[in-house]
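As a plain string of letters, each chain reads:
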Amino acid sequence: MSCCVLQITGLIFGGVGMLGTLAATAMPQWRVSAHVDANLVVFESIWEGLWMDCISQLGLRLQCKLYDSVLALPPPLEALRALMCLAVLLAIVAFLTAIVGVKYSQPSKEGPQVVSTFILAAGVAFLLTGSLALVPVSWTGGGIVRDFYDPAVPVPLKRELGAALYVGWASSALLLAAGAMYCHVWGRAGSHSHPWLAARAALPRAGALGVHAYV
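Residues numbered from 1 in each chain as written. Predicted model: local features only at pLDDT ≥ 70, side-chain atom pairs only at ≥ 80, totals over all residues. Heavy atoms only, no water.

(A) Inspection of the overall build of the protein at higher detail. Within the protein, the regular secondary structure consists of 5 helices and 5 strands. Starting at the N terminus and ending at the C terminus, the protein contains elements arranged as α-β-β-β-β-α-α-β-α-α. Looking at the 215 residues of the protein, the share that counts as buried comes to 34%. Considering only contacts in the protein between residues 6 or more positions apart, those separated by 24 or more positions represent 67%. (Helix = DSSP H or I, 4+ residues; strand = E, 2+ residues; numbered from the N terminus. Buried < 20%, exposed > 50% of the residue type's maximum accessible area, 1.4 Å probe, protein only. Contact = heavy atoms within 4.5 Å.)

In structure tokens, the structure reads:
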């Protein structure tokens, strides 16, 4: 019963994490303009994302523009794009694998080894996805904090942490939690699906008891 609850909970966490990773990839609020010191332009905010930059004026008017050329993008931005796109694809694969694992975990003609294989695949995929999504988000966040406290960076170029970064961190945490749950379920199912392991572990004890009885 506890394994079934963990599987359903992991599926929910994985689904929410998948949607969050997709949202963080598409959101333009990765880097948000900071209003500090002499920067008095507070009626508009600049958003910088992976695919576009936007200007929000008092939250009433929003103008966004896609980046003109992919080849003209700086290499770090291209790397962030690639990592997040790969994380989204891997999250979809992990979520579909988790659905199959939960389906075959119900009593059926398939043996427990099939269930353990799907559950393990989903757990590993969720762990990889969470780690993969965590890298670009943390990399961007660290760069923003470093530039914010760097006196050599002009004030108009300072940025703050955008909402997309928080969504990415939360999604990574959910994906890692889902992966840990599925790996735990697989471990428990694997120990129950191989009774010969328990019998083999009991052999030394039985032998010792036989020796004592003989003496």
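What follows continues from the structure just given.
(B) Representation of the pattern of salt bridges. Evaluation of the coordinates by the stated rule reveals 2 salt bridges. The salt bridge involving E48 is made with R31; its shortest N-O contact spans 2.9 Å. Note that E48 is positioned in strand β2 (residues 44-48) and R31 in strand β1 (residues 31-33), a separation of 17 residues in sequence. Classification of E48 by relative accessible area gives partly exposed; the value is 21%. The partner of R159 in a salt bridge is E48, with the nearest N and O atoms 3.1 Å apart. (Salt bridge = Lys/Arg side-chain N within 4 Å of Asp/Glu carboxyl O.)

(C) Fine view of the state of the cysteines. In this structure the tally under the stated criterion is 1 disulfide. A sulfur-sulfur distance of 2.0 Å marks the disulfide that ties C54 to C64. As the torsion about the S-S bond is roughly 110 degrees, the C54-C64 disulfide counts as right-handed. With a gap of 10 residues between them, C54 in strand β3 (residues 52-57) and C64 in strand β4 (residues 61-66) connect regions that are remote in the sequence. Given the relative accessible area of 43%, C64 is considered partly exposed. (Disulfide = S-S within 2.5 Å.)

(D) Structural context of the layout of surface pockets. A volume near 410 Å³ is recorded for the largest pocket. Considering the residues around the largest pocket, the lining is formed by 15 residues, among which R31, P76, L77, L80 and T140 are closest to the centre. Counting residues per element, the ones that place at least two in the lining of the largest pocket are α2 (75-104) and α3 (112-148). When residues in the lining of the largest pocket are grouped by element, the largest group, 5 residues, is from α3. In terms of residue class, the lining of the largest pocket is built from 8 nonpolar, 3 polar and 4 charged. (1 Å grid on protein atoms, 1.4 Å probe; cavity = no way out; pocket = protein on both sides within 12 Å on 5 of 7 lines; lining within 4 Å. Points joined across faces, edges and corners; volume = space filled by probe spheres on them. Nonpolar A, V, L, I, M, F, W, Y, C, P; charged D, E, K, R; others polar.)

(E) Region of the structure containing the side chain of R81. Structurally, R81 can be placed in helix α2. Within the buried core, R81 has no salt-bridge partner, and the shortest N-O distance to an opposite charge, that of E78, equals 7.1 Å. Once residues within four sequence positions are removed from consideration, R81 is found in contact with L50, W51, Y67, V70 and L73. (Lys, Arg positive; Asp, Glu negative; His and termini not counted.)

(F) Main features of the nonpolar core. Among the nonpolar cores identified, the biggest contains 15 residues, and L11, A98, F126 and Y182 are the most heavily contacted of them. Looking at this core, the elements that each hand over two or more residues are α1 (2-26), α2, α3 and α4 (163-193). Among residues more than four places away in sequence, those in contact with A98 are L11, A122, F126 and Y182. Judged by nonpolar contacts, the second largest core, of 12 residues, contains W30, L73, M84 and L165. (Core = buried A, V, L, I, M, F, W, Y, C linked by side-chain atoms within 4.5 Å.)

(G) A look at the confidence of the model for the protein. With 77% of its residues at a pLDDT of 70 or more, the protein shows a mean pLDDT of 80. Model confidence for the protein, summarised as mean pLDDT per element, is weakest for helix α5 (residues 195-214) at 45 and strongest for α2 at 92. In this model residues 110-114 is a low-confidence stretch, pLDDT under 50, and it forms 3 contacts with partners more than four residues away in sequence or in other chains. In the predicted structure, residues 194-203 sits below a pLDDT of 50 and forms 1 contact with residues beyond four places in sequence or in another chain. (pLDDT = per-residue confidence, 0-100.)

(H) View of the pairing of β3. Strand direction decides the pairing type here: β2 and β3, joined by 5 bridges, are antiparallel. Along β3, the bridge assignment pairs E44 with Q57. Taking the residues that link successive antiparallel strands as the turn, the β2-β3 hairpin has 3 residues. (Pairing = 2+ DSSP bridges.)

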